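Survey of secondary and tertiary structure
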Amino acid sequence: MLGVYLSGTGNTKHCIEKLVKLLDESATILPLENETVPAQIKSSDMIILGYPTQFSNAPFMVREFILSNADIWQGKQVMCVATMGAFSGDGAGCTARLLKKNGAVILGGTAPSYARFRM
Ligand SMILES: Cc1cc2nc3c(=O)[nH]c(=O)nc-3n(C[C@H](O)[C@H](O)[C@H](O)COP(=O)(O)O)c2cc1C
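For every chain, the first residue of the written sequence is number 1, and numbering continues from 1 along that sequence. The predicted origin of the model limits local features to residues at a pLDDT of at least 70 and limits the giving and counting of side-chain atom pairs to 80 or more, whereas totals for whole chains, interfaces and linings rest on all residues. As a convention, hydrogens and water are excluded, and side-chain values are obtained from all of the structure's heavy atoms.

**What to know about the pattern of salt bridges**
Put simply, a salt bridge is a Lys or Arg side-chain nitrogen that is within 4 Å of an Asp or Glu carboxyl oxygen. Applying the stated criterion across every chain, the model contains three salt bridges. Here D71 makes a salt bridge to K42, at a shortest N to O gap of 3.8 Å. One end of the pair, D71, is in the loop between α3 (60–68) and β4 (77–83); the other, K42, is in helix α2 (residues 37–42), and 29 residues separate them in sequence. With a shortest N-O distance of 2.8 Å, R97 and D90 are connected by a salt bridge. Relative accessibility thresholds used throughout: buried, under 20% of the residue-type maximum; exposed, over 50%; partly exposed, between the two (1.4 Å probe, protein chains only). With relative accessibility at 48%, the residue R97 sits in the partly exposed group. For D90, a relative accessible area of 36% translates into the label partly exposed. Runs of H or I in DSSP of at least four residues are treated as helices and runs of E of at least two as strands, each being numbered from the N terminus.

In structure tokens form, the structure reads like this:
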């Protein structure tokens with residue numbers, strides 16, 4: 001299992017580290033900016049992808065990453081985790097649809113509110 005996150009103020013990093021380690025203690029967890037991420041995704045079966053909701057959408061950087069690495073998603077099982085402050089809109093669904101178009105198998109999506117995961 002591979003955890004990948006984009007995080008500005010640390011909420012998403014915190015969520016992904018907790019969730020991924022609960023699911024698989026030996027999993028690798030990397031920030032999206034890490035240049036090895038495309039290669040790591042290619043060699044993983046299951047990916048937990050986390051990012052903050054921005055304007056009820058996934059951040060541009062995440063959508064751009066998915067599209068500019070369109071060849072790495074075929075057959076990958078992906079769960080989308082869109083953290084949020086108040087209302088996620090369809091923040092998890094936005095990347096799920098994009099990933100599905102590029103061949104990923106979507107395991108699910110969730111949008112945890114930071115008011116809850118900071119407690
Ligand atoms: C530019 C910007 C836009 C945001 N838009 C939304 C939004 O539409 N809905 C929402 O619930 N939270 C929104 N938020 C709040 C973040 O999604 C939330 O605080 C998130 O947990 C931040 O994650 P991070 O600490 O990993 O960066 C926005 C935050 C920023 C900075």
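**A few points about the state of the cysteines**
Throughout, a disulfide means two cysteine sulfur atoms within 2.5 Å of one another. On inspection of all chains with the given rule, the structure shows zero disulfides. The closest cysteine sulfur to the non-disulfide-bonded C15 is located on C80, 14 Å from its own sulfur. On the accessibility criterion, C15 (12% relative accessible area) is buried. Here C80 is not disulfide-linked; the sulfur of C94 is the nearest cysteine sulfur, at 9.8 Å.

**Details of the site of the ligand**
If even one non-hydrogen atom of a residue comes within 4 Å of a molecule or strand, that residue is called near it. Surveying the vicinity of the ligand reveals 18 residues, the closest of which are S7, G8, T9, T12 and T53. Distance and chemistry together define a polar contact, namely a pair of N or O atoms within 3.5 Å, with one atom able to donate a hydrogen and the other to accept it when in protein, and with adjacent residues in sequence counting only for side-chain atoms on both sides. In the environment of the ligand, a nitrogen atom lies 2.9 Å from a nitrogen or oxygen atom belonging to the backbone of F55. Contact with the protein chains removes 73% of the 650 Å² of surface that the ligand exposes when unbound. Residue classes follow a fixed rule: Ala, Val, Leu, Ile, Met, Phe, Trp, Tyr, Cys and Pro count as nonpolar, while Asp, Glu, Lys and Arg count as charged, and any other residue, Gly among them, counts as polar. Within the shell around the ligand, the residues separate by chemical class into six nonpolar, 12 polar and no charged. For every accessible area listed, the method is Shrake-Rupley and the probe measures 1.4 Å; residues are considered covered only by the protein chains on display.

**Quick look at the sheet that holds β4**
Strand order across the open sheet formed by five strands is β2-β1-β3-β4-β5, with parallel pairing between neighbours. Each of the sheet's edge strands pairs with one partner strand only, and the pair in question is β2 (28–31) and β5 (105–110). Along the sheet, successive strands turn relative to each other by an average axial angle of 20°, direction set aside. Sheet analysis places strand β1 (residues 2–5) next to β2, joined by four bridges and oriented parallel. When the sheet's bridge partners are listed, Y5 is paired in β2 with P31. Think of it this way: DSSP has to see at least two bridges between two strands before they count as a pair. Axis definition: a line fit to C-alpha positions, over the contact stretch in the case of helices; interaxial angles, taken between N-to-C directions, run 0 to 180 degrees.

**Some words on the nonpolar core**
Buried Ala, Val, Leu, Ile, Met, Phe, Trp, Tyr and Cys residues form a nonpolar core when they are joined through side-chain atoms within 4.5 Å. Membership of the largest hydrophobic core comes to 24 residues, with the highest contact counts inside it found for I41, L49, Y51, W73 and L99. Put simply, the parts of the chain that give this core at least two residues each are β1, α2, β3 (46–52), α3, β4 and α4 (91–101). Here the element with the most residues in this core is α4; it accounts for four residues. Setting aside anything within four residues of it in sequence, one finds L99 in contact with L49, I66, W73, V78, C80, A104 and I106. One finds I16, V20, A27 and V81 within the second-largest nonpolar core, a separate group that totals six residues. Note on contacts: a residue pair qualifies if any of its non-hydrogen atoms lie within 4.5 Å across the two residues.

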